Each structure stands twice: as structure tokens, then as C-alpha cells.
Amino acid sequence: MAGELDDARVALERFASAATAGALERIADGLAACVRGRGKILACGNGGSAADAMHFCEELTGRFRADRAPIAALACVDPGHLTCTANDYGYEQVFARWVRALGRRGDALVVLSTSGNSRNILRAVDAGNEMGLLTVGLLGKGGGVLRGLCGHEIVAPGETADRIQELHMLALHALVAGIEARLAA
């Protein structure tokens, strides 16, 4: 178990940099501007990243550390949509069709991919960019094919999905705090 804690500490030390903090500030600025403009935040990911996207959105629509007005946010985790779209169009289209159905100019799309290579996430980013959404990627393993395709991105260090997801969750919590602070100002 000590090895697990050491791995997490090393990953956090690599992640906790001025560059990461600056990226988080810029992303929080963009997401808060989206919300101020009556836009919504969409989020998606696969597996554990889907659970993280859902957690991020519930922190926004519910509450985080203190009571405040709810923030419009929605994660793509509806099994009806996912299974219908995967059956009819293929799994690589599940998020892109959802973005096209629900996204509007002025909205934001936050995607999570520990590999940076998920084809369905790539398609969602393509759709979001085409529609004029603010796109934010929380990526891992060097960013993969998604590197450079989002308006903002953070690439978490780490070789395994669990370490990358831990850092993504830290970034998501920091973003919620940042959005709240900006909306309260």
C-alpha cells in the first residue's frame, strides 16, 4: 500500500505546477463566462471518467462547499441514449450525437479521457468545436490524439488510468471552486 501512496504523491507533485494552476484559472474563467451567459456545461467520459463527469455535474447542479444557486450542467450518462445511439450509429457516435442534440453556441463541453485516444470523445470534441462550444479536455498519457484539439486542456501525468483519474478529479473539484468564486464575485 505504501507504493500506491508514493505513486500518488509523485503524480500529484508533477501535476501541482504553476502551469496547471494557470490552465485551471483560464478554464474556470471560460466556464464561469459560459454560465454567466446563460449557457450550460456538458461533460462526458467513458467508464470511471463517465462517473467523474457525472460527479462534476452534480457538484454544479447541487452544491459543493456552500449553498448557492444551481449551475446548469449535464453529464452524458443516460443508458437509454448510450445504448440506442451505440446500437444505431456505433459507440464512437454516442457523445457526438448527444452534443449535437443538446449543445448550443455559448455552452461548454468538458471531456475526460485518461488515454486521450477515445474515438467517441474525439467525435464529441469535433462536434463541440463545429458548433462553437468552449471545449475543455482533461486528458492523460501525453494527451493522445486529442492533444491540441480542445480550446483548453490539461494533461495529467501518470501511466495508469487510476492515477490519471485521481488528478482529473482534483482538477474538477478545483474548477467547481473556481466557477463558484467567479460567479459570486
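Relevant structure appears above.
If you look at the biggest cluster of nonpolar residues, it comprises 34 residues, and the most contacted ones within it are Leu31, Ile41, Phe56, Leu60 and Val110. Sort the elements by how many residues they give to this core and helix H7 (residues 161-184) lands first, with eight residues. When sequence neighbours within four positions are dropped, the list of residues in contact with Val110 reads Leu31, Ile41, Leu42, Ala43, Cys44, Phe56, Val136 and Leu172.

Bringing the packing of helix H5 (residues 94-102) against helix H6 (residues 119-131) into the picture now. Direction vectors running N to C along H5 and H6 enclose 25°, while the axes themselves pass 7 Å from each other. When the interaxial angle is binned, H5 and H6 end up roughly parallel. Taken as a pair, H5 and H6 cross one another with a handedness that is right-handed. For the pair formed by H5 and H6, the contact residues are Val94, Phe95, Ala96, Val99 and Arg100 on the first element and Asn120, Ile121, Arg123, Ala124, Ala127, Gly128, Glu130 and Met131 on the second. For the contact of H5 with H6, the class distribution of residues is eight nonpolar, two polar and three charged.

In the Ramachandran plot, Arg38 falls in the positive-phi region, its phi being about 70° despite a non-glycine side chain. When you line up the elements, Arg38 lands in the loop between helix H2 (18-36) and strand E1 (41-45). For Arg38, a relative accessible area of 80% translates into the label exposed.

Mapping Arg182 onto the fold places it in helix H7. Engagement of the side chain of Arg182 in a polar contact is seen with the side chain of Glu25, the distance being 2.3 Å.

A large share of strand E4 (residues 134-140) lies buried, amounting to six of its seven residues. Both strand E3 (residues 108-113) and E4 contribute to a ladder of six bridges, which runs parallel. Directly across from Ser113, in E4, lies its bridge partner Leu139. Since E3 and E4 lie parallel, the crossover through H6 that links them has a hand, and here it is right-handed.

Pairing in this open sheet of five strands is parallel, and the strands run E2-E1-E3-E4-E5 from one edge to the other. Each edge of the open sheet is held by one strand with a lone partner, namely strand E2 (73-75) and strand E5 (152-156). On average, adjacent strands in this sheet sit at an angle of 15° to one another, irrespective of strand direction. Pairing geometry for E1 and E2, over three bridges, is parallel. Opposite Ala43, over in E2, you have Ala75 as the bridge partner. Set on the sheet, H2 makes contact with E1, E3, E4 and E5; between it and E5 the angle comes to about 140°. Lying on the sheet, helix H3 (residues 48-61) is in contact with E1, E2 and E3; it crosses E1 at an angle near 160°.

Calculation notes
- Residues numbered from 1 in each chain as written.
- Predicted model: local features only at pLDDT ≥ 70, side-chain atom pairs only at ≥ 80, totals over all residues.
- Heavy atoms only, no water.
- Core = buried A, V, L, I, M, F, W, Y, C linked by side-chain atoms within 4.5 Å.
- Buried < 20%, exposed > 50% of the residue type's maximum accessible area, 1.4 Å probe, protein only.
- Helix = DSSP H or I, 4+ residues; strand = E, 2+ residues; numbered from the N terminus.
- Contact = heavy atoms within 4.5 Å.
- Axes fitted to C-alpha atoms, helices over the stretch in contact; angles between N-to-C directions.
- Parallel < 35°, antiparallel > 145°, perpendicular 65-115°, else oblique.
- Left-handed = near helix turned anticlockwise from the far one by under 90°.
- Nonpolar A, V, L, I, M, F, W, Y, C, P; charged D, E, K, R; others polar.
- Polar contact = N/O pair within 3.5 Å; in protein donor to acceptor, adjacent residues only side chain to side chain.
- Pairing = 2+ DSSP bridges.
- Right-handed = clockwise from strand over helix to strand, strands pointing away.

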